[in-house]
Amino acid sequence: MISNLIQSSKNLGYSDIYLDFLAGSDPARSFFEACSLAAVADRLDSLSFDRNGAAAILTRQNRSYDAAPRTFETIERLKDPRAVCVFAGQQAGFLGGPLLTLYKAIAIVKSAEFYSVKLDRPVIPIFWIAGDDHDFQEANHTFLLDRQGQVVRVAYESEPDHEWPMARVKFTDKTELDRAKTQLRETLGETDFTPALYDLVDRAYTENDTLVTGFAKFMANLTGDLGLPLFNPGDAEAKRLAIPFFRQMIDVQSKLRSTIDQRNTQISGSGYHIQVEKKENAAHLFYDIDGRKPIMREGDSFTVGDLNLTREELMARVEQEPERFSPDVLTRPVLQTFLFPTAYQRGGPSEIAYFAQMNPIFGLFDLPAPFCSARPTLTLLEKRFEKLMADEDITLEELTGDIEQVVNKVLAGTFPGDLEDSFHRFRRHLRAHFEDFAETSLGFDPALKSFAEHTSGKIDFNLKAFEGKVFASHKKKSQELRDRVYRLSNAVCPDRVLQERMLNITYFVSRYGYDVVKFIYDNMDREEKAHQVLSLSEMK
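This structure is a prediction, so every number in the text was calculated from the model and none was measured.

Rules of the game
What you see as residue numbers is a count from 1 along each chain, following the sequence as written. The model is predicted, so local features are restricted to residues of pLDDT at least 70 and side-chain atom pairs to those at 80 or more, both for listing and for counting; the totals for chains, interfaces and linings are taken over all residues. To get the side-chain values, all heavy atoms of the structure are used, and hydrogens and water are removed first. The set of buried Ala, Val, Leu, Ile, Met, Phe, Trp, Tyr and Cys residues whose side-chain atoms join them within 4.5 Å is what this entry labels a nonpolar core. Summary of the burial criterion: residues with accessible area below 20% of their type's maximum are buried, those above 50% are exposed, and those between are partly exposed, where the area comes from a 1.4 Å probe applied to protein chains only. Secondary structure follows DSSP: runs of H or I at least 4 residues long count as helices, runs of E at least 2 residues long count as strands, and numbering of each begins at the N terminus. Only heavy atoms enter the contact rule, under which two residues are in contact if any of them lie within 4.5 Å. We call two strands paired when DSSP finds no fewer than two bridges between them. Only the contacting stretch of a helix is used when fitting its axis, a line to C-alpha atoms as for every element, and angles between N-to-C directions run 0 to 180 degrees. Working definition: roughly parallel below 35 degrees, roughly antiparallel above 145 degrees, roughly perpendicular at 65 to 115 degrees, and oblique for all remaining angles. In this classification, the charged set is Asp, Glu, Lys and Arg, the nonpolar set is Ala, Val, Leu, Ile, Met, Phe, Trp, Tyr, Cys and Pro, and all remaining amino acids, among them Gly, are polar. Exposure above 30% relative accessible area and the lack of any salt bridge qualify a residue for a patch; like charges then connect within 9 Å, and the nonpolar side chains Val, Leu, Ile, Met, Phe, Trp and Tyr within 5 Å. Only the protein chains shown count as covering a residue, and every accessible area follows the Shrake-Rupley method with a 1.4 Å probe. Definition used for salt bridges: Asp or Glu carboxyl oxygen within 4 Å of a side-chain nitrogen of Lys or Arg. Two residue types count as positive, namely Lys and Arg, and two as negative, namely Asp and Glu; His and chain ends fall outside the count. Charge coordinates come from a single atom per side chain, which is NZ of Lys, CZ of Arg, CG of Asp or CD of Glu.

Okay, the nonpolar core next. Counting 170 residues, the largest nonpolar core has Tyr205, Phe340 and Ile505 as its most contacted members. Looking at this core element by element, the count peaks at 11 residues for helix α5 (residues 99-119). Setting aside chain neighbours within four positions, we find Ile505 in contact with Leu99, Leu102, Phe218, Leu222, Val516 and Ile520.

In C-alpha cells, the structure reads:
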C-alpha cells in the first residue's frame with residue numbers, strides 16, 4: 001500500500017518561502033504577524049463590524065445558490081458579537097475548477113468546527129469566490145480524465161467583449177454552453193452516478209448565470225451538508241458596505257506603497273521570490289470602465305486607461321458607484337477583514353507567499369492580520385493506480401518529473417538484459433552441434449548432405465521466428481505497461497503537476513458518486529503539513 005503521507009518538498013513544486021513557513025522556520029515565519037488564532041480573535045472583539053448587513057448579504061446570495069438549510073444556520077451565527085471567521089477562496093473556475101477548490105472548502109469547515117470548541121466562541125467558515133477577477137482564460141475551463149485515461153480540457157470558449165469581472169460574465173452563448181456540457185458528457189460517459197451530476201450541471205450553468213453564480217450553485221450543492229456559506233464580493237450591496245474601505249485606500253496611497261516596498265525588500269533580502277510584482281505607481285485598486293482596469297497614481301491624481309481623475313473626483317466615484325471598484329490581489333484580504341471579522345486564513349503555497357508580502361498592509365487600516373496556516377494538500381488515488389505504484393515501486397515525486405524515466409525504470413525489470421545474447425549463443429551452439437552430427441552421419445551416406453543443409457536452415461529459421469515472437473510479445477506487454485504508467489501519470493500528476501491543481505471533482509463523482517465528497521471530508525487531516533494521499537479503495 002502507498003504511504004498516505006508524502007513529505008512536502010521542492011519536488012512537489014513548492015517554493016522556499018512556503019516550505020520554510022511549513023517548517024516554522026525564520027525568516028519566513030517572521031513575515032506573519034499573527035502568532036495565534038486566539039490572539040487575533042481577541043483583537044477583533046474590540047472592533048466594530050456590520051454583522052447584520054454582512055449576514056443579510058450572505059443569506060440573499062446563498063438563497064440564490066439554492067444552498068442547504070444548514071448553510072443559513074451557519075450564517076445566523078455570524079450575528080453573534082463574539083463570532084469570528086475562517087476564510088479560504090478561489091476563482092470561479094468552470095465546474096468548480098481544480099480539486100484544490102473543494103479541498104479549501106472542506107478544510108475551513110473542519111477548522112471552524114474545531115476552533116469553535118477550542119475557543120468557545122462561534123467560528124464561521126466562509127468561502128470567498130474571487131468574483132472581481134477578470135482573467136476569463138483562467139476561469140473558463142477545467143480538466144477531466146476520459147474513459148481511456150487521457151486528460152481532456154472542457155471549456156466554455158465564448159469570450160466576453162471586455163475584461164469584465166467574472167461576476168459580470170454570463171453564459172450568453174447557449175450554443176457554446178451546450179457544446180461544453182456535451183463535451184463533459186462524452187468525456188465522462190454514463191455511470192450510475194452521472195444522471196444526478198449532469199442534472200446539477202444543467203441547473204447550475206444556464207444562460208442566465210455568470211461564471212460566479214454557476215460556480216456558486218455547483219459548489220453549494222456539492223458541499224450542501226457542510227453548511228458552508230459562499231460569498232461573492234462582486235455584489236452591489238457588498239460594494240456599498242466597502243465604500244469606507246475604498247476611500248481609505250485612496251487616502252493611504254503613499255504609506256501603502258512604502259509599506260509594500262519595505263516588505264518586498266525584506267523578502268527578497270532573505271533570499272525568497274516576490275510572489276506579486278506590481279508597478280511603482282499601482283494604486284492597488286481596479287475600476288470597471290469598458291472592462292476591469294487598474295487604477296494608477298500620477299502624483300496627486302489618478303489614471304484609469306485614458307481617464308484622468310483628481311483625488312476628489314475618484315472619491316466622488318467611490319461614493320456614487322462603488323460597484324465599479326475592486327481591490328487587487330494584495331489588498332483583497334484587507335477588504336475581507338474590513339467586511340467580516342476574519343481571524344483565520346487558510347491558503348495554498350501561492351497564497352501563503354503573498355500573505356507574507358501583504359500582511360503589513362492590515363496595520364494601515366487598523367485591522368489585525370489574520371492567523372494564517374497552509375491548507376491540506378491531497379491526492380485521490382484509485383485502487384488500480386495504487387496497485388500499480390506499489391507493484392512497480394513508483395513514488396509520487398517521480399511522477400512530477402520526466403515520465404519517460406519512470407517508464408524506463410519500470411521496463412528495465414521486465415525483460416532479461418542478456419536474453420538477446422543468449423539467443424545468439426544458443427543458435428551458434430546448436431548449429432555447431434548439428435554440423436558435427438551431420439558430418440558424422442554423412443559418413444554413412446554422403447547423399448544426405450543436401451537434406452542436412454535444408455534441415456539446418458529450417459532449424460535456424462524457426463529459432464529466429466521463435467526469437468521474434470518472444471521479442472514481439474515483450475514489446476506488446478511493454479507498450480501495455482507503458483500505457484498504464486502514462487494513465488497513472490495523467491491521473492496523479494497530469495502535466496507534471498499535482499492532481500489537485502488540475503483535475504476536476506466531476507471525474508471522481510462520475511465514478512464514485514457524491515459520497516466521494518463525504519469521504520474526503522471524513523479522511524482529510526485539516527492540520528497535516530505533509531501531502532496526503534487518500535486511497536479510494538477505502539471508500540465504504
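So that's the structure; there's more coming.
Turning to the sheet that holds strand β13 (residues 371-374), a few remarks are in order. A sheet is described by the order of its strands in space; here five strands give the open sequence β6-β3-β2-β12-β13, paired in parallel fashion. Of all the strands in the sheet, the pair left with one neighbour each is β6 (230-231) and β13. Where strand β12 (residues 342-347) lies against β13, four bridges are found, and the strand directions are parallel. Following the sheet pairing, Gln345 is matched in β13 by Cys372.

As a packed pair, helix α14 (residues 332-339) and helix α15 (residues 349-358) sit with axes 10 Å apart at the nearest point and diverge in direction by 80 degrees. Of the possible angle classes, the one that applies to α14 and α15 is roughly perpendicular. Facing α14, whose interface residues are Arg332, Pro333 and Val334, α15 presents Tyr354, Phe355 and Met358. Residues belonging to the contact of α14 with α15 are distributed by class as follows: five nonpolar, no polar and one charged.

Once that is clear, we can look at a negative patch on the surface. There is a patch of like negative charges on the surface, built from Asp133, Asp135, Glu138 and Glu163. Tracing the sequence through the fold places Glu163 in the loop between β5 (151-155) and α7 (174-188).

A few words now on the sheet that holds strand β1 (residues 5-6). Hydrogen bonding along the main chain pairs the strands of a sheet, whether they run parallel or antiparallel. On the basis of which strands lie adjacent, the open sheet formed by three strands has the order β1-β15-β14 and mixed pairing. What marks the edges here is a single partner per strand, and that holds for β1 and β14 (378-381). As defined by bridge partners, β1 adjoins strand β15 (residues 531-535) across two bridges and the pair is classed as antiparallel. From the neighbouring strand, Ile6 faces β15, where its bridge partner is His531.

None of this, on its own, says anything about what the molecule does.
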